[in-house]
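An overview of the molecular structure
Given next are the chains, with one letter for each unit.
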Amino acid sequence: MGIKKQVIKTKPVVKVTFSVEAKEANTAAVIGDFNNWNPAEGGLSKMKNGTFKGTFDLGKDASYEFRYLVDGTFINETEADSFQWNDFANAENSVLAL
């Protein structure tokens, strides 16, 4: 798993690439505060090596709670900037700080 951040100097956004290894999975998405927890807006593409990957433009100077949804199972990003307990999910969410 991994997160790559690329600051865009001319815009108030950061290009964030999310990657999750899931060789046996059929679908994967990243869901969070930045897309209203909607899997349809966070779909990741499966690469030949079995990793799912997607790049999104997210607002700078903000932090976002998120998780991966892999074949219906929630997974946290091990390389997240931090983790935050979420009472609604009754679980810890990954946190991305930009």
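Residues numbered from 1 in each chain as written. Predicted model: local features only at pLDDT ≥ 70, side-chain atom pairs only at ≥ 80, totals over all residues. Heavy atoms only, no water.

Looking at an unreviewed UniProt entry, the protein chain carries the name Glycoside hydrolase, with the source organism given as Flavobacterium magnum.

Concerning the overall build of the protein chain
Cut-off, in case you're wondering: Labels follow the DSSP assignment, with helices taken as runs of H or I lasting at least four residues and strands as runs of E lasting at least two, numbered in each case from the N terminus. For the radius of gyration, the atom set is restricted to C-alpha positions; the globular benchmark scales as 2.2 Å times the number of residues to the power 0.38. Working definition: with a 1.4 Å probe on protein chains only, accessible area under 20% of the residue-type maximum means buried, over 50% means exposed, and in between means partly exposed. When checking whether two residues touch, look at their non-hydrogen atoms; a contact exists if any pair is within 4.5 Å.
Along its length, the protein chain carries zero helices and nine strands. Listing every helix and strand of the protein chain by position from the N terminus yields β-β-β-β-β-β-β-β-β. For the protein chain, whose C-alpha radius of gyration is 13 Å, the value lies close to the compact-globule estimate of 13 Å for 98 residues. Taking the principal axes of the C-alpha coordinates as reference, the protein chain spans close to 40 × 35 × 25 Å. A total of 98 residues make up the protein chain; the buried ones form 43% of that total. A fraction of 61% describes how many contacts in the protein chain between residues 6 or more apart in sequence connect residues 24 or more apart.

Digging into the nonpolar core
Note the following rule: The criterion is simple. A nonpolar core is a set of buried Ala, Val, Leu, Ile, Met, Phe, Trp, Tyr and Cys residues joined through side-chain atoms within 4.5 Å.
Within the largest apolar cluster, 18 residues are counted, with the highest numbers of intra-cluster contacts made by Phe18, Leu44 and Tyr68. Counting only elements with at least two residues in this core, the list comes to β2 (13-21), β3 (28-32), β5 (51-59) and β6 (63-70).

A few points about the side chain of Arg67
What counts is decided by this rule: Residues scored as charged are limited to Lys and Arg (positive) and Asp and Glu (negative), so that His and the chain ends carry no count. A carboxyl oxygen of Asp or Glu within 4 Å of a side-chain nitrogen of Lys or Arg is what we treat as a salt bridge. Throughout this description, a polar contact denotes any pair of N or O atoms lying within 3.5 Å of each other; where both atoms belong to protein, one of them has to be capable of donating a hydrogen while the other can accept it, and for residues adjacent in sequence the pair is counted only when both atoms sit in side chains.
With respect to the element layout, Arg67 can be found in strand β6. Buried charge without a partner: Arg67 forms no salt bridge, and the closest opposite charge is Glu92, 7.9 Å away. Engagement of the side chain of Arg67 in a polar contact is seen with the side chain of Asn76, the distance being 3.1 Å. Among all residues touching Arg67, those that are not within four sequence positions of it are Ala29, Val30, Ile31, Trp37, Phe74, Ile75, Asn76, Ala91, Glu92, Asn93 and Ser94.

Some points on the pairing of β5
Keep this limit in mind: Two strands qualify as a pair provided that DSSP identifies no fewer than 2 bridges between them.
The sheet contact formed by β2 and β5 spans nine bridges and is antiparallel. Across the sheet, residue Phe18 finds its bridge partner in β5, namely Gly54. Summarising the sheet, strand β4 (residues 45-46) and β5 pair through two bridges and their orientation is antiparallel. From the neighbouring strand, Ser45 faces β5, where its bridge partner is Lys53. Hairpin connection from β4 to β5: four residues lie between these consecutive antiparallel strands, with Gly50 at a positive phi of about 95°.

Overview of the sheet that holds β2
Taken in spatial order, the four strands of this open sheet run β1-β2-β5-β4, and their pairing is antiparallel. Whereas interior strands pair on both sides, the edge strands pair on one side only; in this sheet they are β1 (2-7) and β4.

Looking at the environment of Ala91
Positionally, Ala91 belongs in strand β9 (residues 91-97). Residue classification places Ala91 among the buried residues on the basis of a relative accessible area of 16%. On a C-alpha basis, the gap between Ala91 and Asn76 in space is 9.9 Å, while along the polypeptide they are 15 residues apart. Excluding its chain neighbours within four sequence positions, the residues that come into contact with Ala91 are Arg67, Gln84, Trp85 and Asn86.

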